[in-house]
Amino acid sequence: MAKTKTAFFCQQCGYESAKWVGKCPSCGTWNSMVEEVIQREDKKKPDTDWNEDTKEKRKAHRIEDVIIQEEIRYRLPDAELNRVLGGGMVPGSVILVAGEPGIGKSTLFLQCALQWQSGITLYVSGEESAQQIKLRADRLGMHNPNLYLLTATDTATIFQEVKKIKPQFLIIDSIQTLESPYVESAAGSVSQVRECAAELQRFAKLSDIPVCIIGHITKDGAIAGPKVLEHMVDTVLQFEGDSHYAYRILRTLKNRFGSTSELGIYEMVSQGMRPVTNPSEILLSQHEEPLSGVAIAAVMEGLRPLMIEVQALATQAVYGTPQRTVSGMDLRRLQLLLAVLEKRGGFHFGSKDVFVNIAGGLKIEDPSIELAVICSLLSSYEDKALPSNICLVGEIGLSGEIRAVNRIDQRIAEAEKLGLDAIFIPKANAKGLDKKQYSIEIKAVNKIEDVYNMLF
């Protein structure tokens, strides 16, 4: 009977060593030696016949003989989670969810497990006790008799309980707390994370049971553990947001069963994570009277159009060097826009402190926000408020021209749905656009001067 054999490998160059060393003799990298399994012990192999079709799945088939069946998905009660997953959970899929501590990962999927009552769900926690999870469930105000809790970190124990309960959905919280009997290293190490994920992935494919794995992130924001972890799973979701704001964004980084451009928006309330079906109404603040330095931008976050508020403030610099402060967008992009206004428009921002803020705590990378940033800066510069019933779309070029953006139809439809009266779009996007199908007034602009003459 073969025994378990392990060796230490450098994660940078692949150098193999029989024992751990602090510095790799090959490439000279410190603390890169990680224990990995070479040969497993035969007696520890678990029973992998999770269903009757296991042996049939192991056979090779010609591609012409493969029968394409209708795609089956489990529709979850959470509409935002369904959107991010591409329409629901696929049987046998492995979903990895990562995010900062306290962002709401465990709350979101405990809430999902409590709401999904069409099948048995097993929630495995290695970080909290069953009493703590029950207290959170009571706080959420939800009940599900088909939800089972298991506080364990050993994968052998987890699979024994899975064989007894036979759940239709398995949630692991978190992968960094699991330990496999095949690896001697501590929980959370690279080899343990990879081995536990491999066992869960093999279980999901053989049993057709969807598995959701909650993971940690590093201080740099990357998913903790080896990069192969992201390659092994079917879907990678990133849960992000500012702890000072109530809104959370669930982004898709990888999805084998849907688009990677979808995102879901949640609001953290006392009863858990509330899905936000129409985020534009929340992100736009309602002013009783028009204020200078405020503009509405129509941006795309993935495949989802959003109306967000851009706030700018330009004041005379008190000290020698003017300040440039921005929240929610790239500072270098703001400096470029100020240089365009200085050179092409003749506005002297070089002697003014400039502050720009994207309301709601969002971080926008869509370049179509630049026209709204320009107009909010000009509004603060002239101390003249923009009409509150218009929105702006466009990317600014270095010569002061307004460049075309993508998905203009969805942006116009979102502005029309919110009841805005007019939308400014690039002239290049207006070509071939049927304006008669929209009730909102569409104004095509080509340069910054055109927008300035219309608004100021």
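In what follows, the accompanying structure is described.

Reading the values: rules and limits
- Residues numbered from 1 in each chain as written.
- Predicted model: local features only at pLDDT ≥ 70, side-chain atom pairs only at ≥ 80, totals over all residues.
- Heavy atoms only, no water.
- Helix = DSSP H or I, 4+ residues; strand = E, 2+ residues; numbered from the N terminus.
- Buried < 20%, exposed > 50% of the residue type's maximum accessible area, 1.4 Å probe, protein only.
- Lys, Arg positive; Asp, Glu negative; His and termini not counted.
- Charge placed at Lys NZ, Arg CZ, Asp CG, Glu CD.
- Axes fitted to C-alpha atoms, helices over the stretch in contact; angles between N-to-C directions.
- Parallel < 35°, antiparallel > 145°, perpendicular 65-115°, else oblique.
- Contact = heavy atoms within 4.5 Å.
- Nonpolar A, V, L, I, M, F, W, Y, C, P; charged D, E, K, R; others polar.
- Pairing = 2+ DSSP bridges.
- Salt bridge = Lys/Arg side-chain N within 4 Å of Asp/Glu carboxyl O.
- Expected span 1.5 Å × (residues − 1).
- Phe/Tyr/Trp six-rings, centres within 6.5 Å; stacked < 30°, edge-to-face > 60°.
- Core = buried A, V, L, I, M, F, W, Y, C linked by side-chain atoms within 4.5 Å.

## What about the overall build of the chain?
Here's step 1: A tally of regular secondary structure across the chain gives 13 helices and 21 strands.
Here's step 2: Each of the three principal axes of the chain carries a C-alpha extent, and together these read 85 × 55 × 55 Å.
Here's step 3: The buried share among the 456 residues of the chain stands at 48%.
Here's step 4: Taken as two groups, the 52 positive and 58 negative side-chain charges of the chain have centres that lie 4 Å from each other.

## What about the packing of helix H3 (residues 105-115) against helix H4 (residues 130-140)?
Here's step 1: Packing of H3 against H4 brings their axes to within 11 Å, and their N-to-C directions diverge by 70 degrees. Comparing the axis directions of H3 and H4 gives the class roughly perpendicular. In this structure, H3 contributes Ser-106, Thr-107, Leu-110, Gln-111 and Leu-114 to the contact, and H4 contributes Ile-133, Arg-136, Ala-137, Arg-139 and Leu-140.
Here's step 2: Among the residues forming the contact of H3 with H4, the class breakdown is five nonpolar, three polar and two charged.

## Some details on the environment of Lys-447
Here's step 1: With respect to the secondary-structure elements, Lys-447 resides in the loop between strand E21 (441-445) and helix H13 (448-455).
Here's step 2: Here Lys-447 is in contact with Ser-399, Gly-400, Glu-401 and Ile-402, once residues within four sequence places are set aside.

## Points about the sheet that holds strand E8 (residues 211-215)
Here's step 1: Across the sheet, which stays open at both edges, the nine strands sit in the order E6-E5-E7-E8-E4-E9-E10-E11-E12 with mixed pairing between neighbours. The open sheet terminates on both sides in strands that have one partner only, identified here as strand E6 (147-151) and strand E12 (272-275). Ignoring strand direction, the axes of neighbouring strands in this sheet form an average angle of 25 degrees.
Here's step 2: Bridge count between strand E11 (residues 263-269) and E12: four bridges; the pairing is antiparallel. Bridge pairing in E12 places Val-269 opposite Gly-272.

## With respect to the pattern of salt bridges
Here's step 1: As enumerated under the stated definition, the model contains 18 salt bridges in all.
Here's step 2: Residues Lys-134 and Asp-138 are paired through a salt bridge, measuring 2.9 Å at the closest nitrogen-oxygen approach. Here the residue Lys-134 and the residue Asp-138 both occupy positions in helix H4, the gap between them amounting to four residues, near one helical turn.
Here's step 3: Overall, the relative accessible area of 43% leaves Lys-134 in the partly exposed class.
Here's step 4: Asp-138 gets classed as partly exposed once you look at its relative accessible area, which sits at 38%.
Here's step 5: With its nearest N and O atoms 3.2 Å apart, the salt bridge here joins Asp-366 to Arg-411. Here Asp-366 is found in the loop between strand E16 (352-358) and helix H10 (370-382), whereas its partner Arg-411 is found in helix H11 (residues 408-417), with 45 residues between them in sequence. With respect to class, Asp-366 is no different from Arg-411; both count as buried.
Here's step 6: Here the residues in one salt-bridge network are Glu-80, Arg-83 and Arg-304, joined through shared partners.

## A short note on H10
Here's step 1: Taking 1.5 Å of rise per residue, the 13 residues of H10 would be expected to cover 18 Å, and the 18 Å separating its terminal C-alpha atoms lies within 8% of that figure.
Here's step 2: Counting buried residues along H10, 11 of its 13 residues qualify, which places the element largely inside the surrounding structure.
Here's step 3: Turning to H10, its buried residues are Glu-370, Leu-371, Ala-372, Val-373, Ile-374, Cys-375, Ser-376, Leu-377, Leu-378, Ser-379 and Ser-380.
Here's step 4: Just downstream of H10, Asp-383 is the residue with a positive phi angle, here 55 degrees.

## Considerations on unusual backbone geometry
Here's step 1: With omega at 5 degrees, the peptide bond leading from Asp-173 into Ser-174 counts as cis.
Here's step 2: With respect to the helices and strands, the residue Ser-174 is situated in the loop between strand E7 (169-173) and helix H6 (190-207).
Here's step 3: Positive phi values are uncommon outside glycine, yet Asn-31 reaches one of about 55 degrees.
Here's step 4: Position of Asn-31 relative to the elements: it lies in the loop between strand E2 (16-17) and strand E3 (33-39).

## Quick look at the pairing of E16
Here's step 1: The buried fraction of E16 is high, at five of seven residues.
Here's step 2: The pairing of strand E14 (residues 304-316) with E16 spans seven bridges and is antiparallel. Along E16, the bridge assignment pairs Ala-314 with Val-354.
Here's step 3: Examined bridge by bridge, strand E15 (residues 324-327) and E16 share four bridges and lie parallel to one another. Across the sheet, Arg-324 pairs through a bridge with Val-354, a residue of E16.

## Topic: the packing of aromatic side chains
Here's step 1: This structure, assessed with the given rule, holds eight aromatic pairs.
Here's step 2: Taken together, the ring pairs connect Phe-347, Phe-349, Tyr-381, Tyr-452 and Phe-456 into an aromatic cluster.

## A few points about the nonpolar core
Here's step 1: The biggest cluster of nonpolar side chains holds 46 residues, and the ones touching the most others in it are Ile-308, Val-356, Ile-369, Leu-377 and Leu-392.
Here's step 2: Take this core: its biggest share by element is seven residues, from H10.

## With respect to the side chain of Ser-376
Here's step 1: Assignment of secondary structure puts Ser-376 in helix H10.
Here's step 2: Ser-376 has contacts with Gly-293, Val-294, Ala-295, Val-310 and Ala-312, leaving out every residue within four places of it along the chain.

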